[in-house]
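Given next are the chains, with one letter for each unit.
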Amino acid sequence: MFFRKKDRLKKQFDAKLMEITESCKDRWSKQKNLVEKSVEPSEEVICQLKMAEAKYLFLLREVRTRMVVK
């Protein structure tokens, strides 16, 4: 009875976390394709790629820590 709200909130936040993780993965893959296809990528584009990868890996670790299941 007392833990229903907690379970419901966990499910909501887990779903939101999965959405954000998927969007970061898409952003990272797009950046990666852009760098791979460019002849001479600028430093700014490379930095954006590294930031997108770091964000995705951080969120992925958080998903694993929270043991979120799709």
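### What about the side chain of Asp-14?
- Here Asp-14 shows up in helix H1 (residues 4-37).
- For Asp-14, a relative accessible area of 10% translates into the label buried.
- Looking at Asp-14, its side chain comes within polar contact range of the side chain of Lys-10, at 2.8 Å.
- Those residues in contact with Asp-14, other than ones at most four positions away along the chain, are Arg-66 and Val-68.

### Points about the nonpolar core
- The biggest cluster of nonpolar side chains holds eleven residues, and these are Leu-17, Met-18, Cys-24, Trp-28, Val-35, Leu-49, Ala-52, Tyr-56, Leu-59, Val-63 and Val-68.
- Going through the elements one at a time, H1 and helix H2 (43-66) are the ones with two or more residues in this core.
- Beyond its immediate chain neighbours, meaning those up to four positions away, Leu-49 contacts Trp-28, Gln-31, Lys-32 and Val-35.

### Describing H2
- For H2, which comprises 24 residues, the first-to-last C-alpha distance of 35 Å matches the rise-based estimate of 34 Å (1.5 Å per residue) to within 8%.
- Taken as a whole, H2 has its buried residues at Leu-49, Ala-52, Tyr-56, Leu-59 and Val-63.
- Close packing links the buried residues of H2 with H1.
- Phi for Met-67, located one or two positions after H2, is positive at around 55°.

### Some points on the side chain of Thr-21
- Relative to the assigned elements, Thr-21 resides in helix H1.
- In terms of polar contacts, Thr-21 uses its side chain to reach the backbone carbonyl oxygen of Leu-17, at 2.7 Å.
- In this structure Thr-21 touches Tyr-56, Leu-59 and Val-63, once residues within four positions along its chain are discounted.

Conventions adopted
Residues numbered from 1 in each chain as written. Predicted model: local features only at pLDDT ≥ 70, side-chain atom pairs only at ≥ 80, totals over all residues. Heavy atoms only, no water. Helix = DSSP H or I, 4+ residues; strand = E, 2+ residues; numbered from the N terminus. Buried < 20%, exposed > 50% of the residue type's maximum accessible area, 1.4 Å probe, protein only. Polar contact = N/O pair within 3.5 Å; in protein donor to acceptor, adjacent residues only side chain to side chain. Contact = heavy atoms within 4.5 Å. Core = buried A, V, L, I, M, F, W, Y, C linked by side-chain atoms within 4.5 Å. Expected span 1.5 Å × (residues − 1).

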